[in-house]
Amino acid sequence: MATKVVMEALSPTMEEGRLVRWLKQEGEPVRAGDVLAEVETDKAVMELPARGEGVLRKVIAPAGSTVPVGQLVGIVARPDEDISSLLAGTRAAEPPAAMARAASASPAAGAPGPQAPAIAPASAPASAAAAAPESPVTPAAPSAGRKPKASPLARRIARERGLDLALVPGSGPGGRIIKRDLERAVAVAAVPAGPARPREAGYQDVPLTQIRKTIARRLAESLGPVPHFFLTVDVDMERAWDAREALNALGEEPKITFNDIIVKVVAQALKQHRACNAWWQGEFIRYFDEVHIGVAVAVEDGLITPVIRHADRKSLREIARETRDLAERARQRKLKPEEYTGSTFSISNLGMMGIREFTAVINPPEAGILAIGSITPQPVAEGSTVAIRRRMRLTMSCDHRVIDGATGARFLQTVRRMLENPLAIVW
């Protein structure tokens, strides 16, 4: 019996995926559990397994295509099995040349909307796979000679952009044209076919990657709805500096970084201030007994936050070893979903890049994130004299629905006290 190959939700937050490459080609035998393709999710590159046996009869979405979760991307069946019913209506509709010309003339061209994933039609070569979108549902072809059905919003967008609705396939109920269809048609004409594009116009339009789409969505979910407030403290890092030097002088690997020390200190402080180790859940607040620290890591074209689980129970060497392993695999896009989800509090460190102070955006549903600045020598008054001390600035972003000002301030006081007295970590 034929088996549909659909884009699976390979991570908890995945809404669409990009087919990086097919590992099986049409006509090749397939067994249940075989890896059919590699898929770029919002966080990593993962494997798409086969759920049936036979041969890969049809690749519907080519390499480079971006398709929503649940959409058909291929078919596995017996070599002699009739799959015509499964293939019916799977080919993406391409806008005619007139539509493409109208879209390219639009001032808004090149801005596909969040509901318009850009993927190539089945006939496109792999090198142009990001050039054209495919509908998440089968679009209805426009009827010649009849006024096309369209939503009021779609009609207004069409008027503003000078688009001919008669040339736009509708994917709404009964073939109705909706906003997504217009965005898709514009994207087909405007998105460049490859990573490079001639810049005669003085600019370049580059399609969003999966991770960049997720970052954009998450920022909108955080900065808009989450009422942020910020608390900043300066920390004397002289003792922490000496402690790190002494630990690394022992010659053990991996070397301890200040980030490792901060992860350990924050984890210990969260055990004392459970009110900051929490998630906002709409109708309730979830306070955690366990401490899982998300550590922001810069990757190509974005940011990902691997999680150090039970950070309060781990030694500095364990934290250092795990952080390096997770960061390296994050940059290679090889993290498993459980390795970048479930953090109860996050840390973002730009100090190594010379940034003295910044504010970080909370990662919902977490209630807080700590931004780490650089350690710099600064003049400090000591009685009637001035001394040069190594100082570091910490800024905590708080969700005011969960953390009050005094609550966050007490947490930061504990973090500062531990960093200024590193022996407090071992008690």
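Structure's up top.
Right, let's walk through the structure included here.

Reading guide: rules and limits
Residues numbered from 1 in each chain as written. Predicted model: local features only at pLDDT ≥ 70, side-chain atom pairs only at ≥ 80, totals over all residues. Heavy atoms only, no water. Helix = DSSP H or I, 4+ residues; strand = E, 2+ residues; numbered from the N terminus. Buried < 20%, exposed > 50% of the residue type's maximum accessible area, 1.4 Å probe, protein only. Contact = heavy atoms within 4.5 Å. Phe/Tyr/Trp six-rings, centres within 6.5 Å; stacked < 30°, edge-to-face > 60°. Lys NZ or Arg CZ within 6 Å of the ring centre and 35° of its normal. Salt bridge = Lys/Arg side-chain N within 4 Å of Asp/Glu carboxyl O. Expected span 1.5 Å × (residues − 1). Pairing = 2+ DSSP bridges. Axes fitted to C-alpha atoms, helices over the stretch in contact; angles between N-to-C directions.

Let us look at the environment of Met46. When you line up the elements, Met46 lands in strand E5 (residues 45-49). For Met46, a relative accessible area of 18% gives the class buried. Once the C-alpha coordinates of Met46 and Gly17 are considered, the two residues, 29 residues apart in sequence, prove to be 9.8 Å apart. Not counting residues within four places of it along the chain, the set of residues in contact with Met46 comprises Leu10, Ala37, Glu38, Val39, Thr41 and Pro337.

With the rule as written, the count across this model stands at 3 aromatic pairs. Plain terms: the ring middles of Trp241 and Phe258 are 5.3 Å apart, the flat faces sit at 35° to each other, and that makes the pair tilted. Here the residue Trp241 occupies a position in helix H6 (residues 238-248), and Phe258 occupies one in helix H7 (residues 258-272), the gap between them amounting to 17 residues. Residue Phe258 is classed as buried on the basis of its relative accessible area of 14%. An angle of 70° between the planes, with centres 4.9 Å apart, marks the rings of Trp279 and Phe288 as edge-to-face. Overall, Trp279 belongs to the buried group, its relative accessible area being 16%. The ring centre of Trp241 lies 4.1 Å from the NZ or CZ of Arg390, which sits over that ring.

Cis geometry is found at the peptide bond from Glu253 to Pro254, where omega equals -5°. Residue placement: Pro254 occurs in the loop between H6 and H7. A cis amide bond links Pro364 to the next residue, Pro365, at an omega of 5°. Residue position: Pro365 is located in the loop between strand E16 (345-349) and strand E17 (368-382). One non-glycine residue, His310, adopts positive backbone phi at about 50°. By the secondary structure assignment, His310 is in the loop between strand E15 (307-309) and helix H8 (316-331). For His310, a relative accessible area of 23% translates into the label partly exposed. One non-glycine residue, Arg333, lies in the positive phi region at around 60°. In this structure, Arg333 sits in the loop between H8 and E16.

What follows covers the pattern of salt bridges. One side chain can pair with another of opposite charge once the charged atoms of both are near each other. The final tally for this structure, using the stated rule, is 21 salt bridges. Between Arg324 and Asp260 there is a salt bridge, and its shortest N-O distance comes to 3.2 Å. In this pair, Arg324 sits in helix H8 while Asp260 sits in helix H7, placing the two residues 64 residues apart along the sequence. Of the residues examined, Arg324 reaches a relative accessible area of 31% and is grouped as partly exposed. Judged by its relative accessible area of 1%, Asp260 falls in the buried class. Note that Glu339 and Arg329 form a salt bridge whose closest N and O atoms lie 2.8 Å from each other.

End to end, H8 covers 22 Å across 16 residues, agreeing with the expected 22 Å (1.5 Å per residue, within 8%). Looking only at H8, the buried set comprises Leu316, Arg317, Ile319, Ala320, Thr323, Leu326, Ala327 and Ala330. Residues of H8 that are buried sit in contact with H6, H7, strand E13 (297-299), strand E14 (302-304) and E15. Two residues or fewer past H8, Arg333 is found with a positive phi of approximately 60°.

The next subject is the sheet that holds E17. Pairing between sheet strands relies on hydrogen bonds along the backbone, with the strands arranged either parallel or antiparallel. With mixed pairing, the 6 strands of this open sheet are ordered in space as E9-E18-E17-E16-E12-E15. Where the open sheet ends on each side, the last strands, each with one partner, are strand E9 (228-236) and E15. Between one strand axis and the next, the sheet turns by 30° as a mean value, whatever way the strands run. Relative to E15, strand E12 (residues 292-295) runs antiparallel, the two being bridged by 3 bridges. Bridge pairing in E15 links Ile293 to Ile308. Each of E9, E16, E17 and strand E18 (385-399) touches helix H9 (residues 405-420); the most contacted strand, E9, lies at about 20° to it.

Read from one edge to the other, the open sheet built from 4 strands follows the order E1-E8-E6-E3, with strand pairing classed as antiparallel. If you trace the sheet from one side to the other, it starts and ends with strand E1 (3-6) and strand E3 (29-30), each paired once. The pairing of E1 with strand E8 (residues 72-77) spans 4 bridges and is classified as antiparallel. Within E8, the residue paired with Lys4 across the bridge is Ile75.

With that settled, consider the pairing of E17. The pairing of E16 with E17 spans 4 bridges and is parallel. Looking at the pairing, Ile347 lines up with Leu370 of E17. Pairing of E17 with E18 involves 13 bridges; the strand directions are antiparallel. Bridging across to E18, Gly368 finds its partner in Cys398. Where E17 folds back on E18, the antiparallel hairpin that results is connected by 2 residues, among which Gly383 adopts a positive phi of roughly 65°.

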